[in-house]
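Given next are the chains, with one letter for each unit.
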2 protein chains.
Amino acid sequence: MSEPKDALRVTYHLTCAAGEDGAAKARDIALEQTAELPAAAVPPDVRVVGEVLAAERLADGRWRAVIAYRPDIVGEDFAQLLNILFGNISLKSGILVTDVHVPAALLARWRGPALGIEGLRSLVGTARRPILCTSIKPMGLSASRLADLVYRFARGGIDILKDDHGVTNQDWAPFAERVLRCQEAVARANAETGGRALYFPNVTAGPSALRDRVDATRRAGCRGVLLLPMLTGLDAAREAAAAGLAVFAHPALAGALFRDDHGITAEVLFGRLFRLAGCDGVIYPNAGGRFPWKVETCRAVNDHLRARWDGVRPAFPVLGGGVDAARVPEWTERYGTDTVFLVGSSLYAQGDVERAAAQLADAVRRYEA
Amino acid sequence: MSEPKDALRVTYHLTCAAGEDGAAKARDIALEQTAELPAAAVPPDVRVVGEVLAAERLADGRWRAVIAYRPDIVGEDFAQLLNILFGNISLKSGILVTDVHVPAALLARWRGPALGIEGLRSLVGTARRPILCTSIKPMGLSASRLADLVYRFARGGIDILKDDHGVTNQDWAPFAERVLRCQEAVARANAETGGRALYFPNVTAGPSALRDRVDATRRAGCRGVLLLPMLTGLDAAREAAAAGLAVFAHPALAGALFRDDHGITAEVLFGRLFRLAGCDGVIYPNAGGRFPWKVETCRAVNDHLRARWDGVRPAFPVLGGGVDAARVPEWTERYGTDTVFLVGSSLYAQGDVERAAAQLADAVRRYEA
């Protein structure tokens, strides 16, 4: 075993059944996630089994365990990182990943977002104020109608126009046509307003199509993409970031992991893993919207996304899931200005989306001063 | 809306909070998973919103709701199918997908396993008996030592030698070298025994590397692969199946979905979605092993994998997670002979794996008669 300080150190909160011992459960995890053999059957010269650094009873009857894994068992892919953190043990119970220390060897390999908060600010041309984002939707509209929405939102002053996460490659708005039309629309709006709005197409697809769509996105002149990493694997974000694109991640399916006693906490999944995989912005539900999310969870995710982390650029929290345009100033006060607000329904509901967008853009402009 | 009989019909079991109405919750799902806009803001000519076909109170206070979705909102990718079934609503609570009816239009597009039970039986050269599988492990062994295990298990009579799911592309056994050595080892064993054992490498990786590894697998002469679809996306299975390869799916991370009141049931995820995506075998934990799985769950998964399904080949349940070699005959009696038994630790623990494998192979040979 290498020195623990160079190890991938994972903190688990364990909920034990009657008669189950937390320390034994921790040792079981260390084997299950690595050699996947009884300790006696592991060849003595093979030292891949996780090392339990701590296992202590918590006040609430749960246990806290810290396991160190050799970084070289991770190889090069995020799929394998997630596999080690929670692959097989997802099929057990009472195991929650609450913290992950990523050693320098892995940080150097992955590096995180291509742009980060600073890079995205400079693309959008704003130094301080919150950034505004909306979803281009609903699916079912033709590519031209979606492009018209891009144009109107961009004219109104929304910074980032992203495809809705359900807009992929349906017959009524094929990917290739949509990207060209929407990118043309945002460029036209920018030329008229002098603005620097960006269009991010949804490139979520199977492995081959995804690679092709990332290429098509770059060729079209887009500067970023939308991805659903829990449906493509986190390595898709890594590849898009390596192509120099900004990556906005959508949390579809991620909710399956957010159980109180089993899974991965939102701040670890979004604030560490998504960020390290290369996401410049992580979309997730704000408190007080359509999803049952708490302000404390949002704060924890925000803190993890923005925290200093050796060589890994900070990423934007992108708060969505029913953010009311009228409350954006209030949420800015609560969360700070290094926040992207993804406002959809409450702009669409106003009918004239350009005007609705302009009002919202006015409301955040004062934070630029 | 198209006719419900041509629709993607999803059955949800809903658990309602105090004061929450099941029918309203169903309507909310139908909007959330499609237009993602308030009903009034959906353009009247856009008919993508799901239609609630039924919403009824169950005896236990839960609700059963059936929602029909137009198949054309799915496009071509499994990522989008999973997105519609459980993407955004994963971030809510009390929503369990318990059944999915896939319309003919989508079945014709995806088609399922390249080989299925019959095709895999003919590759392995057995008409009736259970098929035997083992994992080549642990990670940390060199490619030559892994290949030596392949050789010995194949000599002993194990049909399918698959990489352990944690064996990817680590420095000590790089993918390219491992595939060549292990494939050579299984071919040598077959030449000596007259057997037809197969080696399935783990091709799990990011989108680009995955495509390359599938190609390398075919070039090496392997007939199948191991995949972790919840870490690569299900479309990776579809692509491997389209390349004519047998696909064994490993359930890493899938456990996050198996909550009693929120997620996707194991029989739907494994027995419908994994199968339809192209998996010829789906690995999952047997009851009575290291994982807390029940016999009834195993039976439901087995039934779904093997059931007749227009044009979609039946797939093998691959029971693992601590199957004791000595109990394989007992489990065969319970589950039937169209079963793959993935026996790992209990063979390794015997030291002489060739001999341990030969004993197990003897025990299932009588089912061939």
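Reading the values: the criteria
Residues numbered from 1 in each chain as written. Chains lettered and ligands numbered in written order. Predicted model: local features only at pLDDT ≥ 70, side-chain atom pairs only at ≥ 80, totals over all residues. Heavy atoms only, no water. Helix = DSSP H or I, 4+ residues; strand = E, 2+ residues; numbered from the N terminus. Rg over C-alpha atoms; globule rule 2.2 N^0.38 Å. Buried < 20%, exposed > 50% of the residue type's maximum accessible area, 1.4 Å probe, protein only. Areas by Shrake-Rupley, 256 points an atom, 1.4 Å probe, with all protein chains shown as cover. Lys, Arg positive; Asp, Glu negative; His and termini not counted. Charge placed at Lys NZ, Arg CZ, Asp CG, Glu CD. Axes fitted to C-alpha atoms, helices over the stretch in contact; angles between N-to-C directions. Left-handed = near helix turned anticlockwise from the far one by under 90°. Contact = heavy atoms within 4.5 Å. Nonpolar A, V, L, I, M, F, W, Y, C, P; charged D, E, K, R; others polar. Pairing = 2+ DSSP bridges. Least-squares fit on C-alpha atoms with pLDDT ≥ 70 in both. Buried area = accessible area lost by both parts, 1.4 Å probe. Salt bridge = Lys/Arg side-chain N within 4 Å of Asp/Glu carboxyl O. Polar contact = N/O pair within 3.5 Å; in protein donor to acceptor, adjacent residues only side chain to side chain. Right-handed = clockwise from strand over helix to strand, strands pointing away. 1 Å grid on protein atoms, 1.4 Å probe; cavity = no way out; pocket = protein on both sides within 12 Å on 5 of 7 lines; lining within 4 Å. Points joined across faces, edges and corners; volume = space filled by probe spheres on them. Parallel < 35°, antiparallel > 145°, perpendicular 65-115°, else oblique. pLDDT = per-residue confidence, 0-100. Phe/Tyr/Trp six-rings, centres within 6.5 Å; stacked < 30°, edge-to-face > 60°.

Draft legend 1. Quick look at the overall build of chain A. Secondary structure summary: chain A contains 14 helices and 13 strands in total. For chain A, whose C-alpha radius of gyration is 22 Å, the value lies close to the compact-globule estimate of 21 Å for 369 residues. Here the C-alpha coordinates of chain A stretch approximately 70 × 40 × 35 Å along the principal axes. Evaluated residue by residue, chain A yields a buried proportion of 64% over its 369 residues. As presented, chain A carries roughly 12,600 Å² of accessible surface, and 47% of it is formed by carbon and sulfur atoms. Side-chain charges in chain A split into 44 positive and 43 negative, and the spacing between the mean points of these groups amounts to 4 Å.

Draft legend 2. The packing of helix α5 (residues 143–156) of chain A against helix α14 (residues 353–365) of chain A, seen in detail. Residues and elements named next belong to chain A. In the contact formed by α5 and α14, the axes pass within 7 Å of each other and the chain directions differ by 30 degrees. Classified by chirality, the crossing of α14 by α5 is right-handed. Side by side, α5 and α14 meet where Leu149, Arg152, Phe153, Arg155 and Gly156 of the first sit next to Val353, Glu354, Ala357, Ala358 and Ala361 of the second. Considering only residue class, the contact of α5 with α14 consists of six nonpolar, one polar and three charged.

Draft legend 3. Highlighting the sheet that holds strand β3 (residues 63–69) of chain B. All names here are of chain B. One open sheet accounts for five strands, arranged β2-β3-β1-β4-β10; its pairing is mixed. Looking at which strands have only one partner, the edges of the open sheet turn out to be β2 (51–57) and β10 (263–264). Direction of pairing for strand β4 (residues 95–101) relative to β10: parallel, over a ladder of two bridges. Bridge assignment links leucine 96 to a residue of β10, and that residue is glycine 263. Sheet strands in contact with helix α1 (residues 22–32) are β1 (8–14), β2, β3 and β4, and its direction is about 25 degrees off that of β3. The sheet contacts of helix α2 (residues 78–86) involve β1, β3, β4 and β10, and relative to β1 the element is tilted by about 40 degrees.

Draft legend 4. Structural view of the relation of the copies chain B and chain A. Superposition record for chain B on chain A: RMSD 0.0 Å, screw rotation 180 degrees, translation along axis 0.0 Å. Taken together, the rotation and translation describe the operation of a two-fold axis. Closest approach to the rotation axis within chain B is made by the C-alpha atom of Pro207(B), at a distance of 2.2 Å. Of the interface residues in chain B, 100% have counterparts in chain A that sit at the interface too, so the contact is made through matching surfaces.

Draft legend 5. A look at the interface of chain B and chain A. Across the boundary between the two partners, chain B contributes 78 residues, which contact 78 residues of chain A. Both sides of the chain B and chain A interface together cover about 6,500 Å² of buried area, and 58% of this is carbon and sulfur. In this structure, the connection of chain B to chain A is made through 12 salt bridges. When the shortest N-O distance is used, the salt bridge between Asp212(A) and Arg211(B) registers 4.0 Å. In this structure, the connection of chain B to chain A is made through 36 residue pairs in polar contact (both at pLDDT 80 or more). Looking at the side of chain B that touches chain A, the elements that each hand over two or more residues are α2, α7 (207–219), α8 (229–232), α9 (235–242) and α13 (345–348) of chain B. Of the residues forming the side of chain B that touches chain A, the biggest block, seven residues, is contributed by α7(B). Residue composition of the side of chain B that touches chain A, grouped by class: 37 nonpolar, 22 polar and 19 charged.

Draft legend 6. Seen up close, the pairing of strand β12 (residues 316–320) of chain A. Residue and element names in this part refer to chain A. The element β12 is largely enclosed, with a buried count of five among its five residues. Taking every second residue as pointing to the same face, both faces of β12 are buried, with Phe316, Val318 and Gly320 on one and Pro317 and Leu319 on the other. Pairing between strand β11 (residues 281–285) and β12: five bridges, direction parallel. Within β12, the residue paired with tyrosine 284 across the bridge is leucine 319. Since β11 and β12 lie parallel, the crossover through helix α11 (residues 295–306) that links them has a hand, and here it is right-handed. A crossover connection joins β12 to the parallel strand β13 (residues 340–342) through helix α12 (residues 328–335); in handedness this β-α-β unit is right-handed.

Draft legend 7. Quick look at empty space enclosed by the protein. Counted by the stated rule, this structure contains eight cavities of 30 Å³ or more. Along the walls of the largest cavity sit 23 residues, with Glu36(A), Arg290(B), Gly320(B), Gly321(B) and Leu342(B) positioned nearest its centre. Looking at side-chain class alone, the lining of the largest cavity contains nine nonpolar, nine polar and five charged residues.

Draft legend 8. The arrangement of the packing of α5(A) against helix α6 (residues 175–193) of chain A in detail. Residues and elements named next belong to chain A. Packing of α5 against α6 brings their axes to within 8 Å, and their N-to-C directions diverge by 25 degrees. With respect to each other, α5 and α6 are oriented roughly parallel. Crossing of α5 over α6 shows right-handed handedness. For the pair α5 and α6, contact is made by Ala143, Ser144, Leu146, Ala147, Val150, Tyr151, Ala154 and Arg155 and by Glu177, Arg178, Arg181, Cys182, Ala185, Val186, Arg188, Ala189, Glu192 and Thr193, respectively.

Draft legend 9. Just the confidence of the model for chain A, in detail. Summary statistics for chain A give a mean pLDDT of 96 and a share of 99% for residues scoring 70 or more. Among the prediction metrics, the complex's ipTM stands at 0.96, with pTM recorded as 0.97.

Draft legend 10. Main features of the side chain of Gln183(A). Residues and elements named next belong to chain A. For glutamine 183, the location among the structural elements is in helix α6. On the accessibility criterion, glutamine 183 (15% relative accessible area) is buried. Sequence-distant contacts of glutamine 183, that is, excluding residues within four places in its chain, are made with Tyr199, Ala220, Gly221 and Cys222.

Draft legend 11. The environment of Leu58(B), seen in detail. Residue and element names in this part refer to chain B. Along the chain, leucine 58 falls in the loop between β2 and β3. Classification of leucine 58 as partly exposed rests on a relative accessible area of 23%. On a C-alpha basis, the gap between leucine 58 and leucine 14 in space is 9.4 Å, while along the polypeptide they are 44 residues apart. Discounting chain neighbours no more than four positions away, the residues touching leucine 58 are His13, Trp63 and Arg64.

Draft legend 12. Local environment of the sheet that holds strand β12 (residues 316–320) of chain B. Residues and elements named next belong to chain B. One open sheet accounts for eight strands, arranged β7-β6-β5-β13-β12-β11-β9-β8; its pairing is parallel. Only two strands of the sheet have a single partner each, and these edge strands are β7 (198–200) and β8 (224–227). Taken over all neighbouring pairs, the strand axes of this sheet differ in orientation by 25 degrees on average, direction set aside. As paired elements, strand β9 (residues 246–249) and strand β11 (residues 281–285) share two bridges and run parallel to each other. Counterpart to alanine 249 in the pairing with β11 is valine 282. In the packing of helix α6 (residues 175–193) onto the sheet, contacts are made with β6 (160–163) and β7, and the angle to β7 comes to roughly 165 degrees.

Draft legend 13. Seen up close, the packing of aromatic side chains. All names here are of chain A. With the rule as written, the count across this model stands at 19 aromatic pairs over all chains. Plain terms: the ring middles of phenylalanine 270 and phenylalanine 274 are 5.1 Å apart, the flat faces sit at 70 degrees to each other, and that makes the pair edge-to-face. Note that phenylalanine 270 and phenylalanine 274 are positioned in helix α10 (residues 266–277) at a spacing of four residues, about one turn of the helix. A relative accessible area of 0% places phenylalanine 274 in the buried class. Taken together, the ring pairs connect Phe258, Phe270, Phe274, Tyr284 and Trp293 into an aromatic cluster.

Draft legend 14. Structural context of the layout of surface pockets. Taken as a whole, the largest pocket spans an internal volume of roughly 840 Å³. Lining the largest pocket are 32 residues; nearest its centre among them are Phe258(A), Arg259(A), Asp260(A), Pro292(A) and Trp293(A). When residues of the lining of the largest pocket are traced back to their parent elements, those giving at least two are α10 of chain A together with α1 of chain B. Per-element tally for the lining of the largest pocket: the top contributor is α1(B), with three residues. Residue composition of the lining of the largest pocket, by class: 12 nonpolar, eight polar and 12 charged.

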